[in-house]
Amino acid sequence: MLTLIEKLAVAELGKLLYDFLPASGNRATSFPIAAAQAGIPESWPMGFSKGPGIERMLEWTLVNRRDRIAPLLEAIVGQSMSYRGKGSNPLTREEVSQVVLLTAKLGVQLVELSDPAFLDGLARQANPSAPASPKAESVSVAVLQQLERQHIDLASLAPHPRGYAFEKFLSELFSVYELAPRASFRIVGEQIDGSFRLDHETYLLEAKWVNAPVGAQDLYAFTGKVQNKATWARGVFISNSGFSSEGLIAYGKRNPVVCIDGFDLNEMLRRRLPFDDVLRAKVRRAAETGDPMVHVRNLFP
């Protein structure tokens with residue numbers, strides 16, 4: 001049986017894969033053919049419509065042949081490159097990166113699909129309205145590729161070492177953008193994961209990588225720590241597993257904390273969006289709307 005978190009990840013992955021391939025009517029590229037190529041033709045359910053069929057295929061594979069989920073997704077991506085490469089809608093780096101990130105939530109690493117050299121060979125989503133940032137050009141592509149790969153590789157670590165590695169990854173990310181990160185420190189028994197500076201403002205940091213989305217209780221606890229400091233202190237809560245919708249609703253607005261999740265980090269790195277620009281956009285949107293969690297894809301469409 002799949003856990004609730006796995007079922008949510010499968011549902012998201014199913015929606016993402018919908019446009020990768022047809023379900024039938026093509027003798028060279030389709031979901032049933034990809035399943036057969038991965039050695040599990042029985043995973044594709046006969047008689048199902050496309051959307052439910054994709055989810056059923058993923059669920060069956062995870063429950064019965066978890067060792068084949070990586071080959072299955074690699075087959076789907078490989079066939080999609082051929083299928084969509086014939087038209088005006090080629091498979092993009094952004095879509096494949098989302099597949100890698102969602103699959104990491106299932107505890108499965110897609111080594112070949114997460115290789116920066118492979119990802120850089122894919123088309124990119126058009127974004128004519130977003131001008132290139134001078135800061136983005138000042139950071140080498142090699143450094144950003146290394147950070148992107150480092151973020152993806154964290155999913156393979158056990159929980160305890162992953163937490164420390166996640167903090168180290170964030171510290172390196174902040175250093176790249178010259179944000180003067182400070183490592184973990186304690187104040188009267190409180191654990192603050194760190195701090196950094198942006199535009200002469202100090203931001204306190206809470207970073208988590210846990211199996212479930214962060215809820216209102218953790219958000220309130222961190223907000224209390226921030227409000228206990230100087231009145232001008234701000235907080236950034238980074239949760240790679242995201243934030244529950246119920247928790248964000250309960251948390252409400254008008255709080256000195258902005259939120260960043262794993263999808264935001266992935267989107268930022270693969271699109272080469274500078275972290276400082278992303279944070280400025282989130283802070284501004286929070287000031288305008290009171291919403292602590294606005295995704296990068298909505299801030300930089």
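Participant: Describe in detail the overall build of the protein, supporting the description with residues and values.
Facilitator: Scanning the protein from terminus to terminus reveals 14 helices and six strands. Its C-alpha atoms give the protein a radius of gyration of 20 Å, near enough to 19 Å, the size a compact globule of 301 residues would have. Seen through its C-alpha atoms, the protein measures out along the principal axes to roughly 65 × 45 × 35 Å. For the protein, the proportion of its 301 residues judged to be buried stands at 48%. Expressed as a percentage of contacts within the protein between residues at least 6 apart in sequence, the contacts between residues at least 24 apart total 63%. Accessible surface, the protein as shown: approximately 14500 Å² in total, 54% of it carbon and sulfur. Taken together, the 34 basic and 33 acidic charged side chains of the protein have centroids lying 2 Å from each other.

Participant: Would you mind going over the packing of aromatic side chains in detail, with residue names and values included?
Facilitator: What the rule picks out here adds up to ten aromatic pairs. Ring geometry for Phe-237 against Phe-243: centres 5.6 Å apart, planes inclined by 75°, an arrangement best described as edge-to-face. The pair formed by Phe-237 and Phe-243 is uniform in burial state, with each residue classed as buried. One aromatic cluster is present, formed by Phe-174, Phe-196, Tyr-203 and Phe-275 through successive ring pairs. The ring centre of Tyr-18 lies 4.3 Å from the NZ or CZ of Lys-50, which sits over that ring.

What counts, and at which threshold
- Residues numbered from 1 in each chain as written.
- Predicted model: local features only at pLDDT ≥ 70, side-chain atom pairs only at ≥ 80, totals over all residues.
- Heavy atoms only, no water.
- Helix = DSSP H or I, 4+ residues; strand = E, 2+ residues; numbered from the N terminus.
- Rg over C-alpha atoms; globule rule 2.2 N^0.38 Å.
- Buried < 20%, exposed > 50% of the residue type's maximum accessible area, 1.4 Å probe, protein only.
- Contact = heavy atoms within 4.5 Å.
- Areas by Shrake-Rupley, 256 points an atom, 1.4 Å probe, with all protein chains shown as cover.
- Lys, Arg positive; Asp, Glu negative; His and termini not counted.
- Charge placed at Lys NZ, Arg CZ, Asp CG, Glu CD.
- Phe/Tyr/Trp six-rings, centres within 6.5 Å; stacked < 30°, edge-to-face > 60°.
- Lys NZ or Arg CZ within 6 Å of the ring centre and 35° of its normal.

Function-wise, these values are silent; they only describe arrangement.
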